[in-house]
Amino acid sequence: MSMSERKTIDLDQGWDFMQKGILKLKNILEGLPEPQFSSEDYMMLYTTIYNMCTQKPPHDYSQQLYDKYRESFEEYIVSTVLPSLREKHDEFMLRELVKRWANHKIMVRWLSRFFHYLDRYFIARRSLPPLNEVGLTCFRDLVYKELNGKVRDAVISLIDQEREGEQIDRALLKNVLDIFVEIGMGQMDHYENDFEAAMLKDTSAYYSRKASNWILEDSCPDYMLKAEECLKREKDRVAHYLHSSSEPKLLEKVQHELLSVYANQLLEKEHSGCHALLRDDKVEDLSRMFRLFSKIPRGLDPVSSIFKQHVTAEGMALVKLAEDAVSTKKAEKKDIVGLQEQVFVRKVIELHDKYLAYVNDCFQNHTLFHKALKEAFEIFCNKGVAGSSSAELLATFCDNILKKGGSEKLSDEAIEETLEKVVKLLAYISDKDLFAEFYRKKLARRLLFDKSANDDHERSILTKLKQQCGGQFTSKMEGMVTDLTLAKENQTSFEEYLSNNPNADPGIDLTVTVLTTGFWPSYKSFDLNLPAEMVRCVEVFKEFYQTKTKHRKLTWIYSLGTCNISGKFDPKTVELIVTTYQASALLLFNSSDRLSYSEIMSQLNLSDDDVIRLLHSLSCAKYKILNKEPSTKTISSTDYFEFNSKFTDKMRRIKIPLPPVDEKKKVIEDVDKDRRYAIDASIVRIMKSRKVLNYQQLVMECVEQLGRMFKPDVKAIKKRIEDLISRDYLERDKDNANLFRYLA
Amino acid sequence: MHKLGRGHRDKLQQFITITGASEKIALQALKASDWHLEGAFDFFYNQPQLKTFTDSRHLEELYNRYKDAYVDMILADGITVLCNDIQVDPQDIVMLVLSWHMKAGTMCEFSKKEFIEGLQSLGIDSLDKFREKIPYMRSELKDEQKFREIYNFAFGWAKEKGQKSLALDTAIGMWQLLFAEKQWPLVDHWCQFLQARHNKAISRDTWSQLLEFAKTVGSNLSDYDAEGAWPYLIDEFVEYLNENGIIQNGLINDSSLKW
């Protein structure tokens, strides 16, 4: 016959043959002298399985072979693997385990190949676990489950040794931990539950012990260095042998034990804690502190709180220093007026520069620290010094920079930079409206008396203020600067008018500055009785002005005027630079040799205050243009005055200053009045839109609306509400006294 | 009268004494409230006033008796004569109640309209009826709602014509008169505070809110709400009491207070 029939293999016979192959494999794994499988060996083993699975029933031995496949592993593990592991401990056990696992995987691979036919048909048809999985499961169930606890402990022990600085076999640990991962067959549950949980717990205990010693022994910076180093090393550990998924959990434990638990103790260490670091400008340590504490929940809260306390204390120290300096100087009466206050502002600017740099660099622009800085500055920047509010001090500081002959000698760049910083400080001041009023007052003086050093700087600071506080804040100031520009043009027109109209002759040189009411601070406009020479000037200018506009009204403010007068004294002629008031008084003596106080007062038509002030400047101060009887230091209403024809001075031209008027009180009164109007307007606006509103809500909305300019006192709001009730804008609800109604 | 038991007769007499009501009206009120005095008062005061017929001619005669010789009004002198006739002191608080009934615009003045319409609303057209009505008007001060109306009426009545506020001295006098009826223990402190710290006229709002303050805030001020809508002056008063040790930890600490 050409076809020979294949001989049937029975189970025992076939399995006996397979046993020989498996034994060969075991010998290879055990390192015994055994030649490698030849391709012929492989083919024979594979074919045997194939044949036994494809014979006609009852000789199809697929199920039996599947069972025996599993039994092969189990037998090998029980007889060889486990005994070799059980006899070993610690690191040696770990090494053996790694070797056994590697061998096991090899065994699974080879046997899976021999029994491959089962995977293709029998296992597929029956939906049984694949051969590979069966093999791995055997190891897990027999070896892993018995030993994983001991393995875990050994691994953790080695980790702790490494933490103590000892050298360990990292590759070994990596291989061991890979077993935990691979045993999971795609899931992390074995790694997480059987190893990671215990490792994290041990980590906590380890660092808790360490921290409890370090917190006692180490300074704050040293402790932080250690903490940072520990975190770095734990990160390294993950990179070298832990699974990457452990990193956030591991670091969280370390951070908790080293930082969260001891946060307060660490930060508040008396000589090296956060306060001390700030005091001593330990920038590097503070940066480290930020990096560390930013990693723990709410960790930055105490740091920013201490930062705020520190900055506040520094600021309050500046306030105290300035107060003390001012009172010392007052006792000595030697100081330039307000110099100490100016030094104070300069120091506050420096303080802000310094701590803003901290916020931007050490604290990486974190919002908590910006907030802390803001709140700290808001506390001491609203304190004021020596009876002057910060709003006034800042305005004076700006004036000093912007005016001619100020005590500061700064380059253009330095001026711009300084003004920028002042405007930044203004953000911290509650009473911005007070600053605006003081600033306007001083701006007016710079502009009207030609004391402004640089137009560009004047406009530049207004631009900065506008950016920060809004257009409404600067509109009047901008109007003032514009008025001065227009006034120059107007003067040019006036001079053209004079040259074109021979009949219009003021008789003396005349310059007039036209100002827009509302832009400028309010000035007293007394009906001064001008000398005849000046009356002529006024009339000529009025005629000129009528040619330009017919509907505007001119109000003359003589208190702001300046005159140049030739004083003909016996020794020599001296040119006097005086105010219009002073000039008017002096010109009275062209026609009278001797005048009483009351005669001067009635002829000039000025108030007592003005007359006293001006006569004092002419008879009791440095330049005694007038002789006073009696010869005392103060003006009284019974005095008499004569022209001092013997007066002389080494200079040919002198300026006779009026004693300065303290305008602070008036500015504050004006601002208070404006605030009352602002509160009234706000309340009416709110009530007009709401019609009915309860008291608490009305107050809250009012404070909110006005907060950009000033912080209204609740009592002030309450007073305004009562006033509006009296004026029939509001009424209380009949049944609920807490409820207000708008009256149309 | 023999039909009434002794208890009922006593209550009837008490009601008549307090309200000045007629026996018939008193009986009606007591029966409606099942002979409970408090209920009877409520019933009586809440009833719309029965329009008693008044003789216009008699009212005219009364008006002419007290009217000023030159002005068609009753002025201070006329009021003095009126008080004499009805046997009431001009300073008596019942004159305030009368002014309230008359809707008098100003203290010490009654226009003809005010006088005649006021007396009509009270059912008075003779001096005898006037005298009979005095106890009734006095008793109205015991009704809380009426007291409030009279109190708030007093502000406009007592202030100078054309002014918005009430002069301080006048206000103090009025408070002493009014709170004599209500027994507010802090009234003297309030007046002292105003003279020491305020020394200015009193606004209508402060005037009316003070009554609420006296009624709603306990005399130990433990329930005072400084964050509330009380007028500024009352806030200041509470501060003053605390500063001067008159009120401490919610307890009155003034031995001069008599309970």
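Residues numbered from 1 in each chain as written. Chains lettered and ligands numbered in written order. Predicted model: local features only at pLDDT ≥ 70, side-chain atom pairs only at ≥ 80, totals over all residues. Heavy atoms only, no water.

Enquirer: Would you mind going over the nonpolar core with me for this structure?
Expert: Counting residues in each nonpolar core, the largest one holds 91 residues, and the members touching the most others are A:Leu258, A:Met289, A:Phe293, A:Phe307, A:Phe377 and A:Tyr439. When residues no more than four places from it in sequence are discounted, the contact partners of A:Phe377 are A:Val311, A:Val348, A:Leu351, A:His352, A:Asn382, A:Leu425 and A:Tyr428. Residues B:Met102, B:Tyr136, B:Ile150 and B:Ala171 belong to the second largest nonpolar core, which totals 84 residues. (Core = buried A, V, L, I, M, F, W, Y, C linked by side-chain atoms within 4.5 Å. Buried < 20%, exposed > 50% of the residue type's maximum accessible area, 1.4 Å probe, protein only. Contact = heavy atoms within 4.5 Å.)

Enquirer: What is the right way to look at the sheet that holds strand 8 (residues 730–732) of chain A in this model?
Expert: Note: strands within a sheet are paired through backbone hydrogen bonds, in either parallel or antiparallel orientation. Residue and element names in this part refer to chain A. Taken together, three strands build an open sheet; the order of strands is 7-9-8 and the sheet is antiparallel. Two strands close off the open sheet at either side, each with one partner strand: strand 7 (692–694) and strand 8. Adjacent strand axes in the sheet meet at a mean angle of 30 degrees, parallel and antiparallel pairs treated alike. In the sheet, strand 8 pairs with strand 9 (residues 739–742) via three bridges, with the strands oriented antiparallel. Paired with Glu-731 across the bridge in strand 9 is Arg-741. (Pairing = 2+ DSSP bridges. Helix = DSSP H or I, 4+ residues; strand = E, 2+ residues; numbered from the N terminus. Axes fitted to C-alpha atoms, helices over the stretch in contact; angles between N-to-C directions.)

Enquirer: Please explain the pairing of strand 1 (residues 562–568) of chain A as it appears in this structure.
Expert: Residues in a regular strand project their side chains so that they alternate between the two faces of the sheet. All names here are of chain A. Residues of strand 1 alternate between two faces, with Cys-563, Ile-565 and Gly-567 buried on one and Thr-562, Asn-564, Ser-566 and Lys-568 left unburied on the opposite face. In this structure, strand 1 lies alongside strand 2 (residues 573–579), joined through seven bridges in antiparallel fashion. Looking at strand 2, one finds that Thr-562 is bridged to Thr-579. Linkage of strand 1 to strand 2, two consecutive antiparallel strands, is achieved through a turn of four residues.

Enquirer: What's the story with empty space enclosed by the protein in this structure? I'm lost.
Expert: Residues and elements named next belong to chain A. A full pass over the atoms with the stated rule returns three cavities of 30 Å³ or more. Each pocket or cavity is described by its volume, and for the largest cavity that value is around 80 Å³. Around the largest cavity, the lining residues are Phe-344, Val-345, Val-348, Phe-380, Cys-381, Ser-390, Leu-393, Leu-394, Leu-425 and Ile-429. The set of elements that each furnish at least two residues to the lining of the largest cavity consists of helix 16 (339–360), helix 17 (367–381) and helix 18 (390–402). For the lining of the largest cavity, the residue count by class is nine nonpolar, one polar and no charged. Approximately 50 Å³ is the volume attributed to the second largest cavity. It is helix 7 (residues 131–163) that provides the largest number of residues to the lining of the second largest cavity, a total of six residues. Partitioned by chemical class, the residues of the lining of the second largest cavity number seven nonpolar, one polar and no charged. (1 Å grid on protein atoms, 1.4 Å probe; cavity = no way out; pocket = protein on both sides within 12 Å on 5 of 7 lines; lining within 4 Å. Points joined across faces, edges and corners; volume = space filled by probe spheres on them. Nonpolar A, V, L, I, M, F, W, Y, C, P; charged D, E, K, R; others polar.)

Enquirer: Would you mind showing me how to read the interface of chain A and chain B here?
Expert: One frequently used descriptor of interface size is the decrease in accessible area upon assembly of the parts. In this assembly, 14 residues from chain A lie in contact with 16 residues from chain B. Taken as a group, A:Lys715, A:Lys718 and A:Arg732 account for 44% of the area that chain A buries against chain B, more than any other trio of residues on that side. Where chain A touches chain B, the interface holds five salt bridges. We note a salt bridge from B:Asp235 to A:Lys718, for which the minimum N-O separation is 2.4 Å. On inspection of chain A and its partner chain B, the count reaches 13 residue pairs in polar contact (both at pLDDT 80 or more). Those elements that provide at least two residues to the side of chain A that touches chain B are helix 28 (695–706) and helix 29 (714–726) of chain A. Here the side of chain A that touches chain B gets six residues from one element, more than from any other, and that element is helix 29 of chain A. (Buried area = accessible area lost by both parts, 1.4 Å probe. Salt bridge = Lys/Arg side-chain N within 4 Å of Asp/Glu carboxyl O. Polar contact = N/O pair within 3.5 Å; in protein donor to acceptor, adjacent residues only side chain to side chain.)

Enquirer: Would you mind going over the packing of aromatic side chains with me for this structure?
Expert: Two numbers describe a pair of aromatic rings. These are the distance of the centres and the angle of the planes. Residue and element names in this part refer to chain A. Within this structure, the stated rule accounts for 62 aromatic pairs over all chains. When the ring of Tyr-206 is compared with that of Tyr-207, the centres are 4.9 Å apart and the planes differ by 90 degrees; the resulting orientation is edge-to-face. Note that Arg-163 overlies the ring of Tyr-206, its terminal NZ or CZ placed 5.3 Å from the centroid. (Phe/Tyr/Trp six-rings, centres within 6.5 Å; stacked < 30°, edge-to-face > 60°. Lys NZ or Arg CZ within 6 Å of the ring centre and 35° of its normal.)

Enquirer: What should I look at first to understand the packing of helix 9 (residues 189–217) of chain A against helix 10 (residues 220–240) of chain A in this one?
Expert: Two quantities define a packed helix pair, namely the angle between the helix axes and the distance between the axes. Residue and element names in this part refer to chain A. Between helix 9 and helix 10, the shortest axis-to-axis distance is 11 Å and the interhelical angle comes to 160 degrees. The pairing of helix 9 with helix 10 is recorded here as roughly antiparallel in orientation. Read as a crossing pair, helix 9 and helix 10 show a hand that is right-handed. In this structure, helix 9 contributes Tyr-207, Ala-211, Trp-214 and Ile-215 to the contact, and helix 10 contributes Tyr-223, Lys-226, Cys-230 and Glu-234. In terms of residue class, the contact of helix 9 with helix 10 is made up of six nonpolar, no polar and two charged. (Parallel < 35°, antiparallel > 145°, perpendicular 65-115°, else oblique. Left-handed = near helix turned anticlockwise from the far one by under 90°.)

Enquirer: How should I be thinking about unusual backbone geometry in this particular structure?
Expert: Across residues other than glycine, the phi torsion is negative in most instances, and most of the peptide bonds are trans. Residue and element names in this part refer to chain A. Note that the residue after Glu-629, namely Pro-630, is joined by a cis bond; omega there is -5 degrees. Relative to the helices and strands, Pro-630 resides in the loop between strand 4 (626–629) and strand 5 (640–643). Positive phi, close to 55 degrees, is recorded for Asp-281, a residue that is not glycine. Looking at the element boundaries, Asp-281 is found in the loop between helix 13 (274–279) and helix 14 (283–293).

Enquirer: Help me understand a negative patch on the surface, please; the structure alone is not making it clear to me.
Expert: Residues and elements named next belong to chain A. Side chains of Asp-412, Glu-413, Asp-455 and Asp-456 sit close together on the surface and give a patch of like negative charge. When residues of the negative patch are traced back to their parent elements, those giving at least two are helix 19 (412–426) and helix 21 (455–469). Relative to the helices and strands, Asp-412 resides in helix 19. By relative accessible area, Asp-412 is classed as partly exposed at 44%. (Patch = residues over 30% accessible without salt bridge, like charges linked within 9 Å, V, L, I, M, F, W, Y side chains within 5 Å. Areas by Shrake-Rupley, 256 points an atom, 1.4 Å probe, with all protein chains shown as cover. Lys, Arg positive; Asp, Glu negative; His and termini not counted. Charge placed at Lys NZ, Arg CZ, Asp CG, Glu CD.)

Enquirer: When you look at helix 24 (residues 580–588) of chain A in this model, what are you seeing that I'm missing?
Expert: Note on helix geometry: an α-helix contains 3.6 residues per turn, so any two residues three or four positions apart are oriented the same way. Burial within helix 24 of chain A is extensive, with eight of its nine residues counted as buried. Three or more residues of helix 24 of chain A are buried, namely A:Thr580, A:Tyr581, A:Gln582, A:Ala583, A:Ser584, A:Ala585, A:Leu586 and A:Leu588.

Enquirer: Which parts of the structure should I look at to understand the pattern of salt bridges?
Expert: Close approach of charged atoms allows side chains of opposite charge to pair. All names here are of chain A. Applying the stated criterion across every chain yields a total of 83 salt bridges over all chains. Lys-174 serves as the salt-bridge partner of Asp-178, at 3.6 Å between the closest nitrogen and oxygen. With Asp-178 and Lys-174 both in helix 8 (residues 170–183), this residue pair falls four residues apart, about one helical turn. The partly exposed category is assigned to Asp-178, whose relative accessible area is 26%. According to the relative accessible area criterion, Lys-174 is partly exposed, its value standing at 35%. A salt bridge links Glu-196 to Lys-249; the nearest nitrogen and oxygen atoms lie 2.8 Å apart. With Glu-196 in helix 9 and Lys-249 in helix 11 (residues 247–260), this residue pair connects regions lying 53 residues apart in the sequence. On the accessibility criterion, Glu-196 (3% relative accessible area) is buried. Members of the salt-bridge network, linked through shared partners, are Asp-160, Glu-162, Arg-163, Arg-170, Asp-202, Glu-234 and Arg-237.

Enquirer: What is the right way to look at the sheet that holds strand 2 of chain A in this model?
Expert: All names here are of chain A. As summarised here, the arrangement of the three strands in space is 1-2-6, forming an open sheet in which the pairing is mixed. At either end of the open sheet lies a strand with only one pairing partner, and these are strand 1 and strand 6 (653–655). Sheet twist, expressed as the mean angle between neighbouring strand axes with direction ignored, is 25 degrees. Where strand 2 lies against strand 6, three bridges are found, and the strand directions are parallel. Among the inter-strand pairings, Leu-576 is bridged to a residue of strand 6, identified as Ile-654. Where helix 24 meets the sheet, its contacts fall on strand 1 and strand 2, and the angle it forms with strand 2 comes to roughly 130 degrees.

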